[in-house]
Amino acid sequence: MRTIQAAALTDAVAKLCIQANTHLPEDIVSALDATRQNEPWPLAKETLGLLWENMELAEEKNLPVCQDTGYAVVLAEIGQNVHIEGAPLADAVNSGVRRAYEDFRFRKSVCDPLTRVNTTDNTPAAMHTEIVAGEKVRLTFLPKGFGSENMSRLYMLTPSQGVQGVIDSIVETVRLAGSRPCPPVVCGVGIGGTFDTCAYLAKKALTRELGTHNPRADVAAIEREALAKINALGIGPQGFGGKVTALGVLCEVAPTHIAGLPVAVNIQCHCMRCARCEL
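Note that the structure is predicted; figures quoted are calculated from it, not measured. (Residues numbered from 1 in each chain as written. Predicted model: local features only at pLDDT ≥ 70, side-chain atom pairs only at ≥ 80, totals over all residues. Heavy atoms only, no water.)

Caption draft 1: Spatial organisation of the pattern of salt bridges. Applying the stated rule across the entire model yields 15 salt bridges. Notably, a salt bridge pairs Glu77 with Arg138, separated by 3.0 Å at the nearest N-O pair. Placement of the pair is Glu77 in strand E2 (residues 71-79) and Arg138 in strand E5 (residues 137-144), with a sequence separation of 61 residues. The class for Glu77 is partly exposed, based on a relative accessible area of 27%. Relative accessible area serves as the criterion here: at 32%, Arg138 is assigned to the partly exposed category. Note that Glu278 is salt-bridged to Arg138, the shortest N-O span being 3.4 Å. Note that Glu278 is positioned in strand E10 (residues 275-278) and Arg138 in strand E5, a separation of 140 residues in sequence. Several salt bridges share partner residues, and in doing so they unite Glu77, Lys136, Arg138 and Glu278 into one network. (Salt bridge = Lys/Arg side-chain N within 4 Å of Asp/Glu carboxyl O. Helix = DSSP H or I, 4+ residues; strand = E, 2+ residues; numbered from the N terminus. Buried < 20%, exposed > 50% of the residue type's maximum accessible area, 1.4 Å probe, protein only.)

Shown next, in the form of structure tokens:
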């Protein structure tokens, strides 16, 4: 049994929060660079250039790449041989979020859903925990802006709608979103499970490296076809038209009930912020 101090988790979450909000991951940087180099439409190319400049300035000056520093989403893989000492996991995570958002003066956007009174420190974080083998803790921090989150959708399809229904749902989500989620977007897709696990799979899919494909050939085919159809919509960067509306479609799957086919599509803007660490 390995003991990890809650204070170490708090420190790690705070560092991930700052990293994610100020520096885009290399896979996203590479995708944006390739997109701006290959975009033939002048207005779209100019728009991508502005997004690129914003990203460079954020990294250079250690400032948020987007003013919406998001709802803190934390995915934690906890080894079954780990004992967390000093505070519960949720308290340790929320302390890290609180510290980062206060110290860096990140925008605090979390509020009561009905009174709209702000919690003042961007907590509580949305936490998803998995117990895995081993004695390590792996943390993934995903600050989720709501310009894109609001455009996400969940479909309870019938089994007869099949693969085509899944693809149509993904494409329809992006088409209905239009320019509002600040394209080019990334689509995290959950297929199967139940109403709630399907949505979690879609969120988890967003943490995958862009450019990778699901190991199942049939699911990878859905990713490719959906991406091609999305980019054929012509929405383009920030809705100004162009070759690329989405940088990627990432799908995760789980077994479901014989009577259902849940599909969740979680939209993420071009600021695909994500940071990881292992303790």
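Caption draft 2: Quick peek at the side chain of Thr22. Among the structural elements, Thr22 can be located in helix H1 (residues 6-22). With relative accessibility at 1%, the residue Thr22 sits in the buried group. A polar side-chain atom of Thr22 sits 2.6 Å from a polar atom in the side chain of His23. Once residues within four sequence positions are removed from consideration, Thr22 is found in contact with Ala58, Glu59, Asn62, Leu63, Pro64, Val65 and Phe106. (Polar contact = N/O pair within 3.5 Å; in protein donor to acceptor, adjacent residues only side chain to side chain. Contact = heavy atoms within 4.5 Å.)

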